[in-house]
Amino acid sequence: METFNELELSPEMHRAITELGYTKPSQIQSEALPILLNEDTDFLGLAATGTGKTAAFGIPLLEKIHGHKKVVQGLIMCPTRELALQVCGQINLLGKYKGIKALPIYGGAGYEEQIRGLKSGSQVVVGTPGRLIDHLEKGTLKLKDVTTIILDEADEMISMGFKEDLETLLEATNREIGKIWLFSATMSPEVHRVADKYLVDPKQVKVNKKEMLSTTVEQIFFPTRESDKPEILCK
Ligand code: AMP
């Protein structure tokens, strides 16, 4: 697939994609989008960050959601607050012209604002498993209308000890209407077990680690304390 025009996308989605400056679909997008847009199926995507995986699940997720229904229809689980914020930001940009709102839900932040966001009728919730469960138990997060459940970086969530939490969340959704799309950079035995247990006849797409969108970005890291981060970054 050479362009996004080859897909049957809504005019609102085309507009958002154009505004984001995406012209050519990445490999994971050109392989996953035709499946996720046209088939009501569970899905297993092996792709790392930097491959364009967020839009690969974000575009079909948003196309499935009814903007006028003010209930949670899409649930995205992420391993960290940073990833949840990044994914939420991208979903909001892609959903801008469809009137769809995504809400980030993560630990370490106050409950009040999150509860207000949930009450205001966000259709997508992007969160870390622990805090999502807190809201589920409080009754402030309702999952009965969720039609798409996305596990982003499933391998990371499992290695960070969230396996039981994400299983609790999967079990709280209505699997008669909810499809699971699992994304992971690696297929560890633990990810395999979760996929085998919860995914029903998943369609699979695998992207080579080398197929990243940017090959010009050099990455380095310096171990530091959180409080020193801004200064070290500026230096
Ligand atoms: P991700 O792998 O989802 O974290 O995406 C990595 C980066 O690539 C993000 O900054 C996206 O906004 C960007 N991106 C995603 N899809 C495309 C595309 N088709 N063309 C150009 N950039 C893209």
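Residues numbered from 1 in each chain as written. Predicted model: local features only at pLDDT ≥ 70, side-chain atom pairs only at ≥ 80, totals over all residues. Heavy atoms only, no water.

A.B. asks: What is the right way to read the packing of aromatic side chains from this model?
C.D. replies: Here a ring pair, both rings aromatic, is described through the centre-centre distance and the interplanar angle of the planes. What the rule picks out here adds up to two aromatic pairs. Centre to centre, the rings of phenylalanine 43 and phenylalanine 183 are 5.6 Å apart; their planes meet at 40°, and the pair counts as tilted. In this pair, phenylalanine 43 is assigned in strand 1 (residues 43-46) and phenylalanine 183 in strand 6 (residues 179-184), connecting sequence segments 140 residues apart. In this structure, phenylalanine 43 and phenylalanine 183 share a single accessibility class: buried. Aromatic rings pair up to connect Phe43, Phe57 and Phe183 into one cluster. A cation over a ring is seen here: lysine 138 above tyrosine 111, with NZ or CZ 4.5 Å from the ring centre. (Phe/Tyr/Trp six-rings, centres within 6.5 Å; stacked < 30°, edge-to-face > 60°. Helix = DSSP H or I, 4+ residues; strand = E, 2+ residues; numbered from the N terminus. Buried < 20%, exposed > 50% of the residue type's maximum accessible area, 1.4 Å probe, protein only. Lys NZ or Arg CZ within 6 Å of the ring centre and 35° of its normal.)

A.B. asks: When you look at the site of the ligand in this model, what are you seeing that I'm missing?
C.D. replies: By nearness alone, 15 residues border the ligand, and Tyr22, Gln29, Gly50, Gly52 and Thr54 come closest of all. One nitrogen or oxygen atom from the main chain of lysine 24 is found 2.9 Å from a nitrogen atom belonging to the ligand. Threonine 54 is positioned with one of its side-chain polar atoms (N or O) 2.6 Å from an oxygen atom of the ligand. Relative to its unbound accessible area of 490 Å², the ligand is 72% covered by the protein chains. (Near = heavy atom within 4 Å. Polar contact = N/O pair within 3.5 Å; in protein donor to acceptor, adjacent residues only side chain to side chain. Areas by Shrake-Rupley, 256 points an atom, 1.4 Å probe, with all protein chains shown as cover.)

A.B. asks: Honestly, the pattern of salt bridges in this entry has me stumped. Any pointers?
C.D. replies: Any two side chains of opposite charge can pair if their charged atoms end up close together. A full pass over the atoms with the stated rule returns 17 salt bridges. We note a salt bridge from lysine 163 to glutamate 167, for which the minimum N-O separation is 3.9 Å. Taken as a pair, lysine 163 and glutamate 167 lie in helix 8 (residues 163-171) at a separation of four residues, close to a single helical turn. In this structure glutamate 167 comes out as buried when scored by relative accessible area, which is 11%. What you see here is one network of salt bridges that share partners, running through Lys163, Glu167, Glu190, Arg193 and Lys197. (Salt bridge = Lys/Arg side-chain N within 4 Å of Asp/Glu carboxyl O.)

A.B. asks: What is the right way to look at the side chain of glutamine 114 in this model?
C.D. replies: Inspection of the secondary structure puts glutamine 114 in helix 5 (residues 111-119). Overall, the relative accessible area of 5% leaves glutamine 114 in the buried class. Each residue touching glutamine 114, except ones within four places of it in the same chain, is listed here: Leu103, Pro104, Ile105, Tyr106, Ala109, Arg131 and His135. (Contact = heavy atoms within 4.5 Å.)

A.B. asks: Would you take a moment to explain unusual backbone geometry for this structure?
C.D. replies: Residues apart from glycine generally show negative phi values, whereas peptide bonds are mostly found in trans. Positive phi, close to 55°, is recorded for glutamate 153, a residue that is not glycine. On the secondary structure map, glutamate 153 appears in the loop between strand 5 (148-151) and helix 7 (154-159). Residue classification places glutamate 153 among the buried positions, given a relative accessible area of 16%. Positioned with a positive phi, aspartate 201 is a non-glycine residue whose angle comes to about 40°. On the secondary structure map, aspartate 201 appears in the loop between helix 9 (189-198) and strand 7 (203-206). For aspartate 201, a relative accessible area of 68% corresponds to the exposed category.

A.B. asks: Hey, could you run me through the sheet that holds strand 5 in this one?
C.D. replies: The strands making up a sheet are joined through hydrogen bonds of the backbone, oriented either antiparallel or parallel. Spatial ordering of the open sheet is given by 3-4-2-5-6-1-7, a layout of seven strands whose pairing is parallel. Lying at the two open borders of the sheet, with one neighbouring strand each, are strand 3 (102-105) and strand 7. Between one strand axis and the next, the sheet turns through 15° on average, direction left out of account. Sheet contacts for helix 9: strand 1 and strand 6; angle to strand 6, the most-contacted strand, approximately 170°. (Pairing = 2+ DSSP bridges. Axes fitted to C-alpha atoms, helices over the stretch in contact; angles between N-to-C directions.)

A.B. asks: I'm lost on the environment of glycine 58 in this one. Help?
C.D. replies: Mapped onto the secondary structure, glycine 58 falls in helix 3 (residues 53-64). Among the residues examined, glycine 58 registers a relative accessible area of 0% and is labelled buried. When the C-alpha positions of glycine 58 and glycine 74 are compared, they lie 9.7 Å apart, and in sequence the two are 16 residues distant.

A.B. asks: Please clarify how the environment of serine 30 should be interpreted in this entry.
C.D. replies: Of note, serine 30 is situated in helix 2 (residues 27-38). Each C-alpha atom of the pair serine 30 and glycine 117 lies 33 Å from the other, and the pair is 87 residues apart in sequence. Discounting residues that sit within four places of it in the chain, serine 30 has contacts with Met1 and Pro25.

A.B. asks: Is there a simple way to explain the nonpolar core in this structure?
C.D. replies: Soluble, globular proteins show a tendency: their nonpolar side chains are buried together. Ile59, Ile76, Ile91, Val124 and Val126 are the most contacted members of the largest nonpolar core, which totals 36 residues. Elements represented by at least two residues in this core include exactly helix 1 (11-20), helix 2, helix 3, helix 4 (81-94), strand 4 (124-127) and strand 6. Residues within four places of valine 124 in sequence aside, it is in contact with Leu61, Ile65, Gly74, Ile76, Ile91, Ile100, Lys101, Ala102 and Leu103. Counting 29 residues, the second largest nonpolar core, distinct from the first, contains Leu151, Ile180, Val191 and Tyr198. (Core = buried A, V, L, I, M, F, W, Y, C linked by side-chain atoms within 4.5 Å.)

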